[in-house]
Every structure is written in structure tokens, then in C-alpha cells.
Amino acid sequence: MKRARLEILVALAFTVLSVAAMAQSNGTEVYTRCIGCHKDTGLGVPGYAPPLAAHIPDVEKTPGGQTYLIQVLLYGLKGDIQVKGKRFNATMPAFADLTDEEAAAVLNRILTNWGNDKLLPKDHKAIAPVDVKARRGDKLTPEQVHALRGKLGLK
Ligand code: HEC
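The model shown is predicted, which means the values in this text are computed figures rather than measured ones. (Residues numbered from 1 in each chain as written. Predicted model: local features only at pLDDT ≥ 70, side-chain atom pairs only at ≥ 80, totals over all residues.)

### Section: unusual backbone geometry
Backbone geometry follows two general trends: most residues other than glycine have a negative phi, and most peptide bonds adopt the trans configuration. Phi at Lys39 is positive, roughly 70 degrees, even though this residue is not glycine. As for its placement among the helices and strands, Lys39 is situated in the loop between α3 (35–38) and α4 (56–61). Although it is not a glycine, Lys139 sits at a positive phi angle of roughly 45 degrees. Structurally, Lys139 can be placed in the loop between α7 (129–133) and α8 (142–150). (Helix = DSSP H or I, 4+ residues; strand = E, 2+ residues; numbered from the N terminus.)

### Thoughts on the site of the ligand
Around the ligand, the structure places 28 residues, and the nearest of them are Cys34, Cys37, Phe88, Ala90 and Met92. When residues of the shell around the ligand are traced back to their parent elements, those giving at least two are α3, α5 (65–75), β1 (77–78), β2 (81–83), β4 (91–92), α6 (100–112) and α8. Grouping the constituent residues of the shell around the ligand by class yields 19 nonpolar, six polar and three charged. (Near = placed C-beta within 6 Å. Nonpolar A, V, L, I, M, F, W, Y, C, P; charged D, E, K, R; others polar.)

### A closer look at the environment of Ala147
Relative to the assigned elements, Ala147 resides in helix α8. Taking the C-beta count within 10 Å as the criterion, Ala147 has 11 such neighbours and is therefore assigned exposed. In sequence terms Ala147 and Lys78 are 69 residues apart; their C-alpha atoms lie 9.4 Å from each other. (Buried ≥ 20, exposed ≤ 12 C-beta atoms within 10 Å, placed from the backbone.)

### Comments concerning α6
The end-to-end C-alpha distance of α6 is 18 Å, a good match for the 18 Å that 13 residues give at a rise of 1.5 Å each. The buried count for α6 comes to 10 of 13 residues, which makes it a mostly enclosed element. Along α6, the residues that are buried comprise Asp100, Glu102, Ala103, Ala104, Ala105, Val106, Leu107, Arg109, Ile110 and Leu111. Buried residues along α6 sit against α2 (27–30), α4, α5 and α7. The first or second residue beyond α6 is Trp114, which carries a positive phi of 60 degrees. (Expected span 1.5 Å × (residues − 1). Contact = placed C-beta atoms within 7 Å.)

This is how it looks when you write it as C-alpha cells:
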């Protein structure tokens, strides 16, 4: 009798855990929407889409950089930019349709994939869904996001 009860409890615990795992967004899966331009390798397309590998930590490290990353994802980006001495001048589409969880997951993915995790400061804090939610009211144009990028002081 006791044993049967224990088995039921274990089965219940597993159900709760797997439902929780399903609710959590998978950054690798969301990144499939970015692959066409930024590529599996995170190296982007020369002359078109900038690399994210060995670059996103530099953005994150600037004051306001983490907020900017959320804004690029939600509102897109249009204008002349330089990444690692190379020029890019195309348009990054907005991904406002992602849920807060999906947006946080994909941003954390690009912050840590391709060895980017090793380039982050020790006190780096992952982006939380509430951080994304807090930027939903900004309602920026891709050009306004470009102007904000100019204020980050990126080299
Ligand atoms: C259709 C192509 C395309 C897709 C799809 C795309 N991007 Fe971009 N992304 C770009 C382009 C082009 C730029 C640079 C825009 C410019 O030149 O102003 C960019 C810029 C960025 C930047 C800013 C880099 C910087 O230095 O300011 C980030 C971050 C970024 N993309 C992340 C993502 C993520 C995450 C996804 C998937 C959810 C994604 N992109 C999907 C084309 C794309």
C-alpha cells in the first residue's frame, strides 16, 4: 500500500517536471528563425548580416547594451553599422511576435553560444522574460533602434 502511494507520487512529480520543461522556451529552437541570416556558425553573411559570434558580448558589456539587444529583437534595426571593422547597412526584421520567454531564450542563446559565454563578464546576468516584457511599450522604429545603437559607444 505504502509502496503504491510512493509510485503514484513519483509519477506525479515526473508529470509536473515535464510540463515545466515544455513551458520553458528553447533558445536553440527559436534561433532557427535567425539562421537564414546570422547562420548556424553565428558568423552572419559578409556585407549583409553581421556576425553574432564573438560580437554580442561586446554589445552586452556597454552600458545599456542588454536593453539594446532586447530592442533590436523586438523592433528590428536599420542603418549603417560597423562590426569588427566591417560595414553593414541592411535591415534586421522585428520579432515582436515572439513571447517574452522565447525572446529571452534566443537572446540568452546568442549571448552564450559559439564561445560567447567565455567573453561575458563574471557578474553577467541572463535576460529574464520580465526584462523583455518591460521593453514592449517602447514601440520603436528600426531607425530609432539604430540611433540608440549609436549611443552605446561601441567600437
Ligand atoms: C532577414 C535576415 C535576418 C534575420 C532573419 C535575423 N537578422 Fe539579426 N540582423 C540582420 C541584419 C541585416 C542586421 C544588421 C542591420 C543593419 O545593418 O543595420 C542584424 C542585426 C542584429 C543584431 C544587432 C547587432 C549589432 O551589432 O547591433 C542582433 C542582436 C541580431 N541581429 C540578432 C538576431 C536574432 C536573435 C535573430 C533571430 C531571432 C535575427 N537577428 C534574425 C538580419 C537578420
